[in-house]
Amino acid sequence: MEFRISEQMSIMDKLNILADAAKYDVSCSSSGSSRSGDGKGMGNTVAAGLCHSFAADGRCISLLKILFTNECIFDCKYCMNRRSNDVPRASFTPDEVCELTMEFYRRNYIEGLFLSSGILHSPDYTMELICQTLYKLRTIYNFQGYIHVKAIPGADPMLIQKAGFLADRMSVNLELPTAESLKQLAPNKNRKNILKPMRQIQNGISANREELVLYDHSPHFCEAGQSTQMIIGATPESDYQIMSVAESLYNKFSLKRVYYSAFVNVNEDKELPALPGGPPLLREHRLYQADWLLRFYDFTVDELLTSDRPNFNMMIDPKADWAVRHLEQFPIEINRADYKLLLRIPGIGVKSAKRIVRARRFANLTFDDLKKIGVVLKRALYFITCNGKMMYPTKIEENYIVRHLTYQKERLPFAADGMWYEQMSLFS
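What you are looking at is a predicted structure, and each value in this text was computed from that prediction instead of being measured.

Asker: Explain the overall build of the chain here, please?
Answerer: Tallying secondary structure elements over the chain gives 15 helices and 10 strands in all. Intrachain contacts of the chain at a sequence separation of at least 6 include 67% that bridge at least 24 residues. Accessible surface, the chain: about 21300 Å² in total, of which carbon and sulfur atoms supply 52%.

Following this line, the structure appears as structure tokens:
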């Protein structure tokens, strides 16, 4: 099917509009794929080959991040590109996206493409345009670099499958944590239409892995997996509800990442919160920290939060928050604790826990040894002993520990209202 899009606007004008329109989509991951090029095209997706820069808001990027179009038939109350907004509209052609990607890559500005889109005419119409773009980029322009593309909920499953064989990663944005919130703020969308392509992508990845075991030269389907994004703070869900949804997505859909996007109020709508303190960036930060604990530290949501205490303490990180609420498990003897228990100690990460396990095979460790290993003792000292002794005389009491962990010199660089932070430089 041949599509025609108005070319009256210059490609630079389109780029200015559609790159700016993509800035609220944070799930633009650029890793997880190690497919190398065949030497006949341009680029590869070897994980170590991706370079990174920082956007004005501090986010790490390495991709040409654009919308195919900011035209949209939907009227989501939180979205700048909603149908009812009077904003400049633009749409690329497939060849324009291909040319931009190749020219940016040749200049070493990017290592890949992140392509999302509003809904132009219909989900099928938009997804067909995206597939046409990816097909041309791969076959005509011989681009073998990284591509992350958004699957359009409601599009024909055949189009989703076609895109999966052309992209390295796909994502379907959950948008809001609950079906009730989605119905309130995005009445044109429904949870079923969003979860359906997620399941299709998951099944496609699993089937493709089985084929690759049998046939080495089978085409790859979303080798870098899939991800999603939730908007945080637009609706009243607790941290417990949000993290429970994320945990369910990881378990049921094998997602690589769940991204959390602090709500930025870009529209005047009575259904949206006023947010006098600005976007909840500190809360977003805590949710990312908790997400890390789920994926790499063997925590569950029910351990981190409960219905009685459904929100994180914004003054300390979620791991420390868990520790001070479970002081009956502390102090932990460093020379006897197993690996999983070591991971529960604030100030000890995955690498330092592994180093402790290896090092204590040869000798009992001291606090000086822990410092050399990389343990953050100013955080860990309240929770550990070495050879039966604590580093300093201290109280195993929640208020005492929280007060010392949040001592002025140890606080994160957030403002007093807890809603703002600045990007740190290399020399901070």
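Asker: Just to check I follow, could you spell out a nonpolar patch on the surface for this structure?
Answerer: A cluster of nonpolar side chains, contributed by Val213, Leu214 and Tyr215, occupies part of the molecular surface with about 390 Å² of accessible area. Within the fold, Tyr215 resides in the loop between helix 6 (191-214) and strand 7 (226-232).

Asker: What should I look at first to understand the sheet that holds strand 6 (residues 169-171) in this one?
Answerer: By way of backbone hydrogen bonds, the strands of a sheet pair with one another, either parallel or antiparallel. The strand order 3-4-5-6-7-8 describes an open sheet built from 6 strands, whose pairing is parallel. Either end of the sheet is taken by a strand with one partner, and the two such strands are strand 3 (64-67) and strand 8 (257-262). Each adjacent strand pair in this sheet contributes to an overall mean axis angle of 20 degrees, direction not counted. Here strand 7 runs beside strand 8; their pairing, made up of 6 bridges, is parallel.

Asker: Any chance you could explain the environment of Asn70 here in plain terms?
Answerer: Examined against the element boundaries, Asn70 turns out to sit in the loop between strand 3 and helix 2 (94-106). For the pair formed by Asn70 and Leu120, sequence separation is 50 residues and the distance between their alpha carbons is 8.1 Å. When sequence neighbours within four positions are dropped, the list of residues in contact with Asn70 reads Ile17, Leu18, Ala21, Asn81, Pro88, Arg89 and Ala90. In this structure the side chain of Asn70 is engaged in a polar contact, spanning 2.8 Å, whose partner is the backbone nitrogen of Ala90.

Asker: Explain a positive patch on the surface here, please?
Answerer: On the surface, Lys351, Lys354, Arg355, Arg358 and Arg361 cluster together to form a positively charged patch. Looking at the element boundaries, Arg361 is found in the loop between helix 12 (350-359) and helix 13 (367-373).

Asker: Quick question: what am I supposed to make of the pattern of salt bridges here?
Answerer: Two side chains bearing opposite charge may form a pair once their charged atoms approach each other closely. The tally for this structure, following the rule as stated, stands at 14 salt bridges. Between Asp95 and Lys136 there is a salt bridge whose closest N-O contact spans 3.2 Å. Taken together, the residues Asp95 in helix 2 and Lys136 in helix 3 (residues 123-139) connect sequence positions 41 residues apart. For Asp95, a relative accessible area of 29% puts it in the partly exposed group. A salt bridge links Arg106 to Glu103; the nearest nitrogen and oxygen atoms lie 2.9 Å apart. Here Arg106 pairs with Glu103, and both are found in helix 2, just 3 residues apart, close to one helical turn. When its relative accessible area of 49% is taken as the criterion, Arg106 is described as partly exposed.

Asker: Help me understand the packing of helix 7 (residues 239-253) against helix 8 (residues 281-296), please; the structure alone is not making it clear to me.
Answerer: Geometrically, a packed helix pair is captured by the angle between its two axes and the distance between the axes. Interhelical geometry of helix 7 versus helix 8 gives an angle of 40 degrees and a closest axis separation of 11 Å. In terms of orientation, helix 7 lies oblique with respect to helix 8. For the pair helix 7 and helix 8, the sense of crossing is right-handed. On the side of helix 7, the interface is formed by Asp239, Ile242, Met243, Ala246, Glu247 and Tyr250, while helix 8 contributes Arg283, Leu287, Ala290, Asp291, Leu294 and Arg295. By residue class, the composition of the contact of helix 7 with helix 8 is 7 nonpolar, no polar and 5 charged.

Asker: What's the story with the pairing of strand 5 (residues 146-150) in this structure? I'm lost.
Answerer: Working note: regular strand, side chains alternate between the two faces of the sheet. A large share of strand 5 lies buried, amounting to 5 of its 5 residues. Neither face of strand 5 is left uncovered, since the one carrying Tyr146, His148 and Lys150 and the one carrying Ile147 and Val149 both have all their residues buried. Here 4 bridges tie strand 4 (residues 112-116) to strand 5, and the two strands are oriented parallel to one another. Bridging from a neighbouring strand, Leu113 pairs with Ile147 of strand 5. With helix 3 bridging strand 4 and its parallel neighbour strand 5, the resulting β-α-β unit is right-handed. The pairing of strand 5 with strand 6 spans 3 bridges and is classified as parallel.

Asker: I tried to follow unusual backbone geometry on my own but got confused; where do I start?
Answerer: Working note: non-glycine residues mostly have negative phi, and peptide bonds are mostly trans. The omega angle of the peptide bond from Phe330 to Pro331 is 0 degrees, so this bond is cis rather than trans. Position of Pro331 relative to the elements: it lies in the loop between helix 10 (318-324) and strand 9 (332-333). Not every positive phi belongs to a glycine, and Asn387 is a case in point at roughly 55 degrees. Along the chain, Asn387 falls in the loop between strand 10 (384-385) and helix 15 (398-405). Owing to a relative accessible area of 42%, Asn387 belongs among the partly exposed residues under this scheme.

Asker: Whenever I open this one, the nonpolar core confuses me. Can you help?
Answerer: Nonpolar side chains in soluble globular proteins tend to be buried together. Residues Met127, Met170, Tyr260, Ile334, Ile345 and Leu370 are the most contacted members of the largest nonpolar core, which totals 115 residues. Among the elements that take part in this core, helix 7 stands out by supplying 7 residues, more than any other. Ignoring any residue separated from it by four or fewer positions in sequence, one finds Leu370 in contact with Ile334, Ile356, Leu365, Val375, Leu377, Ile384 and Cys386.

Asker: Would you mind showing me how to read the packing of helix 1 (residues 11-21) against helix 2 here?
Answerer: Direction vectors running N to C along helix 1 and helix 2 enclose 85 degrees, while the axes themselves pass 12 Å from each other. Taken together, the axes of helix 1 and helix 2 lie roughly perpendicular to each other. Here Ile11, Lys14 and Leu15 of helix 1 lie close against helix 2, whose contacting residues are Glu96, Leu100 and Phe104. For the contact of helix 1 with helix 2, a count of residues per class yields 4 nonpolar, no polar and 2 charged.

What counts as what
Residues numbered from 1 in each chain as written. Predicted model: local features only at pLDDT ≥ 70, side-chain atom pairs only at ≥ 80, totals over all residues. Heavy atoms only, no water. Helix = DSSP H or I, 4+ residues; strand = E, 2+ residues; numbered from the N terminus. Contact = heavy atoms within 4.5 Å. Areas by Shrake-Rupley, 256 points an atom, 1.4 Å probe, with all protein chains shown as cover. Patch = residues over 30% accessible without salt bridge, like charges linked within 9 Å, V, L, I, M, F, W, Y side chains within 5 Å. Salt bridge = Lys/Arg side-chain N within 4 Å of Asp/Glu carboxyl O. Pairing = 2+ DSSP bridges. Axes fitted to C-alpha atoms, helices over the stretch in contact; angles between N-to-C directions. Polar contact = N/O pair within 3.5 Å; in protein donor to acceptor, adjacent residues only side chain to side chain. Lys, Arg positive; Asp, Glu negative; His and termini not counted. Charge placed at Lys NZ, Arg CZ, Asp CG, Glu CD. Buried < 20%, exposed > 50% of the residue type's maximum accessible area, 1.4 Å probe, protein only. Parallel < 35°, antiparallel > 145°, perpendicular 65-115°, else oblique. Left-handed = near helix turned anticlockwise from the far one by under 90°. Nonpolar A, V, L, I, M, F, W, Y, C, P; charged D, E, K, R; others polar. Right-handed = clockwise from strand over helix to strand, strands pointing away. Core = buried A, V, L, I, M, F, W, Y, C linked by side-chain atoms within 4.5 Å.

By themselves, these are just geometric observations and shouldn't be taken as functional.
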